[in-house]
Amino acid sequence: MSVNPPAPVSFILRCISCGREHPATANDLVCERCGSPIEALYDYEKAVGNARRIPSNESIQGVWRYSPLLPINRKTRIFSLGEGGTPTLRTERLEEMLRMTRVFVKNESRNPTLSFKDRKSTVSVSKASEFGARAMACMTAGNAGSSIAAYAAKAQIPAYIFTIGGISDSKMAKLLSYGAHVFRTSSPTRDLMVFVQEVCQKYGMMNLTAASRYNPYIKEGAKTSLFEVYEDLDGSLPDWFIVPIGGGGNLTSIFKGLRELKLMGLLDHYPKMAGVQGKNCAPVAEAFEKGLSPDLMVIQNPSTIAHSILDSWAPDGEQALRAIRETNGLALGVSDGEILDAMKILSSKEGLFLEPAAAAPLAALKRMLTLNQVGRDESVLLFATGSGSNQPEAAIQAWDNPPSIELDLESFGKFVGR
Ligand SMILES: Cc1ncc(COP(=O)(O)O)c(C=O)c1O
Ligand SMILES: [Zn+2]
């Protein structure tokens, strides 16, 4: 797919803690003064001009539609697989069931490698190529790695992918098929993150782990899902956004999109952001409840059926929690049973085949309704981040085994109630 978007308006890279500015070079991926994440900030006034809409190239669908607010230079070759441009769906059956008036699902399972990670990868791999990276590395619970591997194949840059925990055959099949160098590990998230960062430094690779803590360009692609929702709903955003949290990068990116809308005068107040994790793997939710810093939260013996968010430590947890607090939102953990139930509802009532991590927002919404944390008259958007095909074993576990039958018309009657 050939994409030739317009150049971005000018941007700077600034540390989110100490404010130090950095040049946009391959060596400036975290703050050299304090080690905090740095992020791209654009000339928002110039970007929006007199228009009351998000600066975009309307002839392009998907992530690159928003190239004026993406940090890629005009001469860069863009590596795209047609990511983004996913639908914001109204869910009548869910609304009826929950007795709510407006519930939307942003269906990110429609992306090229079946998760929202492709938004990040198209930008970060294109940027790595712009920097002339000879190799890239990434730690992953499966989806981020599959996505980087696909774009690395497109860009023909070697990718070294370190998987954490046990990952499904379908994720491994993708990783291998795209030709990545894959390494299995059973180390805790934080140790592996440190290792990957050290590998990158020692062997001259670009760290594309899907957390903005290590690379400012990671945030940029993911924020475009928010821009799409804004345009799909004619600027009228729902009261709540419910987003699954693994490393915290996606929620942080969506919030950056919200901040940018506000800076461009296109939004006057933020939706409340709710972050959802697995109950036994909830460093950010625990930090939220206890008033602690997510950086200090490491979960021992983590477990959740939502394998894609099985992060015992959240590298972008600090930023995610700041977004949650700033929007008067909340963070919570949900059980495997609640997640399986949500998957079944989304697939059988709305036709959405989602992996457990992507169904977790519905599990959270049900819980929030029970606890009166959300009103039935409030509108909600569920971020469905990845396809059921990323972890099909969970769907098999959720449903009864189908019967084997003989080809006998009479005895078949019992299956159709006659
Ligand atoms: C399907 C899915 N949902 C949610 C997440 C969580 O995103 P993040 O790690 O940016 O919090 C991931 C990846 O980590 C994922 O693959
Ligand atoms: Zn700093």
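Before reading further, recall that the structure is shown in the block above.
Residues numbered from 1 in each chain as written. Chains lettered and ligands numbered in written order. Predicted model: local features only at pLDDT ≥ 70, side-chain atom pairs only at ≥ 80, totals over all residues.

Asks: Teacher, can you tell me more about the overall build of the chain here?
Replies: Along the chain, the regular secondary structure elements total 15 helices and 13 strands. The C-alpha atoms of the chain give 21 Å as radius of gyration, which agrees with the globular expectation for 418 residues (22 Å, within 12%). Seen along its three principal axes, the alpha-carbon backbone of the chain occupies a region of about 75 × 45 × 45 Å. For the chain, the proportion of its 418 residues judged to be buried stands at 54%. Partitioning the contacts of the chain with sequence separation of at least 6, the portion at a separation of at least 24 is 71%. (Helix = DSSP H or I, 4+ residues; strand = E, 2+ residues; numbered from the N terminus. Rg over C-alpha atoms; globule rule 2.2 N^0.38 Å. Buried ≥ 20, exposed ≤ 12 C-beta atoms within 10 Å, placed from the backbone. Contact = placed C-beta atoms within 7 Å.)

Asks: Is there a simple way to explain the sheet that holds strand β8 (residues 181–185) in this structure?
Replies: Strands belonging to one sheet form pairs held by backbone hydrogen bonds; the direction of such a pair is parallel or antiparallel. Pairing within the open sheet is parallel, and its 4 strands lie in the order β8-β7-β6-β9. Whereas interior strands pair on both sides, the edge strands pair on one side only; in this sheet they are β8 and β9 (206–207). Summarising the sheet, strand β6 (residues 136–140) and strand β7 (residues 159–164) pair through 5 bridges and their orientation is parallel. Residue pairing for β7: Cys138 is matched across the bridge by Ile161. (Pairing = 2+ DSSP bridges.)

Asks: Just to check I follow, could you spell out the packing of helix α12 (residues 336–350) against helix α13 (residues 356–370) for this structure?
Replies: For any two helices packed against each other, the geometry comes down to the angle between their axes and how far apart the axes lie. Interhelical geometry of α12 versus α13 gives an angle of 100 degrees and a closest axis separation of 7 Å. Between α12 and α13, the crossing angle belongs to the class labelled roughly perpendicular. Across the interface between the two elements, Glu338, Ile339, Asp341, Ala342, Met343, Ile345 and Leu346 from α12 touch Pro356, Ala359, Ala360, Leu362, Ala363 and Arg367 from α13. Tallied by class, residues from the contact of α12 with α13 come to 10 nonpolar, no polar and 3 charged. (Axes fitted to C-alpha atoms, helices over the stretch in contact; angles between N-to-C directions. Parallel < 35°, antiparallel > 145°, perpendicular 65-115°, else oblique. Nonpolar A, V, L, I, M, F, W, Y, C, P; charged D, E, K, R; others polar.)

Asks: How should I be thinking about the site of ligand 1 in this particular structure?
Replies: In the vicinity of ligand 1, 19 residues are found, and the nearest of them are Asn143, Gly246, Gly249, Thr385 and Gly386. Breaking the shell around ligand 1 down by element, the ones donating at least two residues are α4 (143–155), α9 (249–263) and α13. Across the shell around ligand 1, the residue classes tally to 8 nonpolar, 10 polar and 1 charged. (Near = placed C-beta within 6 Å.)

Asks: Help me understand the nonpolar core in this model?
Replies: Across soluble globular proteins, you tend to see nonpolar side chains buried next to one another. Ranked by size, the top nonpolar core spans 124 residues in total, and within it Met136, Ile148 and Ile242 carry the most contacts. The leading source of residues in this core is α13, at 9 residues. Look past the residues within four positions of Ile148 in its chain and what remains in contact with it is Ser121, Val125, Met136, Cys138, Ala159, Ile161 and Leu208. (Core = buried A, V, L, I, M, F, W, Y, C linked by C-beta atoms within 7 Å.)

Asks: Just checking my understanding: could you explain the environment of Ser293 for this structure?
Replies: Secondary-structure assignment places Ser293 in the loop between α10 (283–290) and α11 (317–326). Distance from Ser293 to Ser10, taken between C-alpha atoms, is 34 Å for residues 283 residues apart in sequence. Every residue in contact with Ser293, bar those within four places of it in the chain, is listed here: Ala287 and Glu318.

Asks: Please explain unusual backbone geometry as it appears in this structure.
Replies: The phi angle of most residues is negative, glycine excepted, and most peptide bonds adopt the trans form. Its identity is not glycine, yet Leu114 carries a phi of approximately 75 degrees, on the positive side. Examined against the element boundaries, Leu114 turns out to sit in the loop between β5 (102–107) and α3 (117–130). Leu114 sits in the buried class, given 24 other C-beta atoms within 10 Å. With phi around 55 degrees, Gln156 is a residue other than glycine that occupies positive phi space. Relative to the assigned elements, Gln156 resides in the loop between α4 and β7.

Asks: Quick question: what am I supposed to make of the environment of Met206 here?
Replies: Structurally, Met206 is set in strand β9. By the C-beta count within 10 Å, which is 25 here, Met206 ends up buried. Sequence separation between Met206 and Leu382 is 176 residues; the distance between their C-alpha atoms is 32 Å. With residues up to four places along the chain from it excluded, the contact list for Met206 reads Ala26, Ala128, Phe131, Ala133, Met136 and Cys200.

Asks: How should the environment of Phe11 be read in this particular structure?
Replies: Structurally, the position occupied by Phe11 is in strand β1 (residues 11–15). According to the C-beta neighbour criterion, Phe11 is partly exposed, with 19 such atoms within 10 Å. Phe11 sits 30 residues away from Leu41 along the chain, and the two C-alpha atoms are 5.3 Å apart. Residues in contact with Phe11, not counting those within four places in the same chain, are Ala40, Leu41, Tyr42 and Pro71.

Asks: Would you mind showing me how to read α3 here?
Replies: Since one α-helical turn is 3.6 residues long, residues separated by three or four positions face the same way. Taking 1.5 Å of rise per residue, 14 residues should cover 20 Å, and α3 covers 20 Å from first to last C-alpha, within 8% of that figure. Note on α3: the residue one or two positions beyond its end, Gly132, has a positive phi of about 75 degrees. (Expected span 1.5 Å × (residues − 1).)

Asks: How should I be thinking about the pairing of strand β10 (residues 240–244) in this particular structure?
Replies: Working note: regular strand, side chains alternate between the two faces of the sheet. Among the 5 residues that make up β10, 5 are buried, leaving the element largely enclosed by the rest of the structure. Burial of β10 is two-sided: the residues Trp240, Ile242 and Pro244 facing one way and the residues Phe241 and Val243 facing the other way are all buried. Alignment of β10 against strand β11 (residues 272–278), held across 5 bridges, turns out to be parallel. Each bridged residue has a counterpart across the sheet, and for Val243 the counterpart in β11 is Gly275. Handedness of the β-α-β unit built from β10, α9 and β11 comes out right-handed. Summarising the sheet, β10 and strand β13 (residues 379–384) pair through 3 bridges and their orientation is parallel. Paired with Ile242 across the bridge in β13 is Leu382. (Right-handed = clockwise from strand over helix to strand, strands pointing away.)

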